[in-house]
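Below are the chains, spelled out letter by letter.
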Amino acid sequence: DAKTTQPPSMDCAEGRAANLPCNHSTISGNEYVYWYRQIHSQGPQYIIHGLKNNETNEMASLIITEDRKSSTLILPHATLRDTAVYYCIVRAENTGTASKLTFGTGTRLQVTL
Amino acid sequence: KAGVTQTPRYLIKTRGQQVTLSCSPISGHRSVSWYQQTPGQGLQFLFEYFSETQRNKGNFPGRFSGRQFSNSRSEMNVSTLELGDSALYLCASSLLLAGLNEQFFGPGTRLTVL
């Protein structure tokens with residue numbers, strides 16, 4: 001699976017949009033971009049994933065550049081409960097064998113009042 | 001629908017002992033993966049089970065083992081515990097083999113080895 005690069009930390013004011021970048025310049029054509037987050041002392045939580053089109057769900061939006069070498073996770077209206085470590089993961093399409101998640105160091109997002 | 005449950009939540013053991021951790025996946029999920037999380041190494045993949053068979057394995061010594069039962073519940077065992085085994089052990093379940101299906105994590109078992 002391709003390696004990802006994320007800033008170690010970011011701050012965001014409550015109510016504002018949080019834009020978390022991720023670089024995955026070595027991504028392959030069959031690799032998807034996944035985002036998870038981990039709130040302190042809890043297990044990681046799935047947020048969203050995509051291949052090349054932008055995706056949106058009730059939690060966030062995922063914007064993937066046209067060349068697929070980077071992406072941005074957008075939390076439209078960040079709240080204090082969004083304070084967590086956010087992990088960007090690139091994973092190959094399932095070829096019939098199990099595929100493990102490889103987490104990097106992530107971005108520690110601090111939402112402040 | 002209940003989430004992934006792990007027992008126990010906290011455990012304290014001494015060096016040389018062995019430990020068994022349990023994971024119950026979301027109802028209907030057939031794949032269970034185990035991860036170790038430490039401050040220094042981050043989240044590392046241990047192994048994955050599907051239909052009672054180990055399908056993938058990470059780079060951990062043979063002291064770490066696991067199994068899955070016919071009801072998809074899984075256990076992992078660590079024998080001859082070392083201080084470095086102190087970590088948060090996370091279990092994740094997914095509907096099928098954890099390829100593209102999102103994995104749902106449990107709260108983890110925090111193991112402290114003294």
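Residues numbered from 1 in each chain as written. Chains lettered and ligands numbered in written order. Predicted model: local features only at pLDDT ≥ 70, side-chain atom pairs only at ≥ 80, totals over all residues. Heavy atoms only, no water.

Student: Now, about the state of the cysteines: what can you tell me, with residues and values included?
Tutor: Residues and elements named next belong to chain A. Applying the stated criterion across every chain yields a total of two disulfides over all chains. Disulfide pairing is shown between C22 and C88; the S-S distance is 2.1 Å. Here the S-S torsion is close to -80 degrees, and the disulfide linking C22 with C88 is therefore left-handed. Taken together, the positions of C22 in strand β2 (residues 18–23) and C88 in strand β8 (residues 84–92) put the pair 66 residues apart, joining distant regions of the chain. There is no split in this pair, since C22 and C88 are both buried. (Disulfide = S-S within 2.5 Å. Helix = DSSP H or I, 4+ residues; strand = E, 2+ residues; numbered from the N terminus. Buried < 20%, exposed > 50% of the residue type's maximum accessible area, 1.4 Å probe, protein only.)

Student: Can you explain the packing of aromatic side chains? Please cite residues and give values.
Tutor: The geometry of an aromatic ring pair is captured by the separation of the ring centres together with the interplanar angle, meaning the angle of the planes. All names here are of chain A. The final tally for this structure, using the stated rule, is eleven aromatic pairs over all chains. With centroids separated by 5.8 Å and ring planes inclined at 75 degrees, the aromatic side chains of Y36 and Y46 adopt a geometry described as edge-to-face. Residue Y36 is found in strand β3 (residues 31–38), and its partner Y46 is found in strand β4 (residues 45–50); the two are separated by ten residues along the sequence. On the basis of an interplanar angle of 85 degrees and a centroid distance of 4.9 Å, the ring pair of Y87 and F103 is categorised as edge-to-face. (Phe/Tyr/Trp six-rings, centres within 6.5 Å; stacked < 30°, edge-to-face > 60°.)

Student: Tell me what's going on with the side chain of T4 of chain A, and back it up with residues and numbers.
Tutor: Mapped onto the fold, T4 of chain A is located in the segment before β1 (9–13). Of note is the side chain of T4 of chain A, whose polar atom sits 3.1 Å from the backbone oxygen of C88 of chain A. (Polar contact = N/O pair within 3.5 Å; in protein donor to acceptor, adjacent residues only side chain to side chain.)

Student: Got a sec to walk through the sheet that holds strand β1 (residues 5–7) of chain B? Specific residues and values, please.
Tutor: All names here are of chain B. Strand order in this open sheet of four strands is β1-β3-β8-β7, and the pairing throughout is antiparallel. Of all the strands in the sheet, just β1 and β7 (64–68) have a single pairing partner and so form its edges. Taken pair by pair, the neighbouring strands of this sheet meet at an average axis angle of 20 degrees, ignoring direction. Sheet topology note: the strand β3 (residues 19–24)/strand β8 (residues 74–78) ladder contains five bridges and is antiparallel. Across the sheet, residue C23 finds its bridge partner in β8, namely S74. (Pairing = 2+ DSSP bridges. Axes fitted to C-alpha atoms, helices over the stretch in contact; angles between N-to-C directions.)

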